[in-house]
Amino acid sequence: ADIVADISEPFEEVIVRKAQMECLYKACELLTHTEKKILQCCLLGNKTERELSLLIGVPRTTIEYQKNRLLKKLKKYWRNKKIFSSKSLFFSFKK
């Protein structure tokens, strides 16, 4: 299959985004199974902390604690890699 580039996007931004995605995949390798589940459901799957707590049978406060821990872990990894600026990535989770 041919890869079609979006010529409206500056080349530098494409390179930075690719580096950020590679860093994200490597950072996810540091997460536990539970942390990956929280990331997948609350961020990518658009589930609330409450919905996830009912799904896996743990208190919502446990989900919140683990979510905060995984975000700190990811931020520390990204800060050390200097790929993301503190303002370029924002996670938001619904309670």
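Here we summarise the structure given alongside this text. Remember, it's a predicted structure, so these values are computed and weren't measured experimentally. (Residues numbered from 1 in each chain as written. Predicted model: local features only at pLDDT ≥ 70, side-chain atom pairs only at ≥ 80, totals over all residues. Heavy atoms only, no water.)

## A word on helix H1 (residues 11-28)
Part 1 of the argument: Relative to the 26 Å expected for 18 residues at 1.5 Å per residue, H1 spans 26 Å between its end C-alpha atoms, a close match to the ideal helical length.
Part 2 of the argument: Taken residue by residue, H1 has Gln20, Cys23, Ala27 and Cys28 as its buried positions. The buried residues of H1 occupy one face: seen down the axis, they fall within an arc of 130 degrees. Opposite the buried face of H1, at more than 90 degrees from it, the exposed residues are Phe11, Lys18 and Tyr25.
Part 3 of the argument: In this structure, the buried residues of H1 make contact with helix H2 (33-44) and helix H4 (60-81). (Helix = DSSP H or I, 4+ residues; strand = E, 2+ residues; numbered from the N terminus. Expected span 1.5 Å × (residues − 1). Buried < 20%, exposed > 50% of the residue type's maximum accessible area, 1.4 Å probe, protein only. Arc of directions from axis to C-beta. Contact = heavy atoms within 4.5 Å.)

## Digging into the pattern of salt bridges
Part 1 of the argument: Evaluation of the coordinates by the stated rule reveals six salt bridges.
Part 2 of the argument: The residue Glu22 makes a salt bridge to Lys18 at a minimum N-O spacing of 2.8 Å. Taken as a pair, Glu22 and Lys18 lie in helix H1 at a separation of four residues, close to a single helical turn.
Part 3 of the argument: The exposure class assigned to Glu22 is partly exposed, which follows from its relative accessible area of 40%.
Part 4 of the argument: The salt bridge partner of Glu49 is Lys67, with a shortest N-O separation of 2.7 Å. Here Glu49, found in helix H3 (residues 49-56), pairs with Lys67, found in helix H4; they are 18 residues apart in sequence, far enough to count as distant.
Part 5 of the argument: You can call Glu49 buried: its relative accessible area is 0%.
Part 6 of the argument: Since its relative accessible area comes to 6%, Lys67 is described here as buried.
Part 7 of the argument: By sharing partners, the salt bridges in this structure join Glu49, Arg60, Glu64 and Lys67 into a single network. (Salt bridge = Lys/Arg side-chain N within 4 Å of Asp/Glu carboxyl O.)

## A few points about the packing of H1 against H4
Part 1 of the argument: Between H1 and H4, whose axes approach to 10 Å, the crossing angle comes to 135 degrees. Accordingly, the angle class assigned to the pair H1 and H4 is oblique. Considering how the two elements wind past one another, H1 and H4 form a crossing that is right-handed. Contact with H1, carried on its side by Cys23, Leu24, Lys26 and Ala27, involves Leu74, Tyr77, Trp78 and Lys81 of H4 and no other residues of that element. (Axes fitted to C-alpha atoms, helices over the stretch in contact; angles between N-to-C directions. Parallel < 35°, antiparallel > 145°, perpendicular 65-115°, else oblique. Left-handed = near helix turned anticlockwise from the far one by under 90°.)

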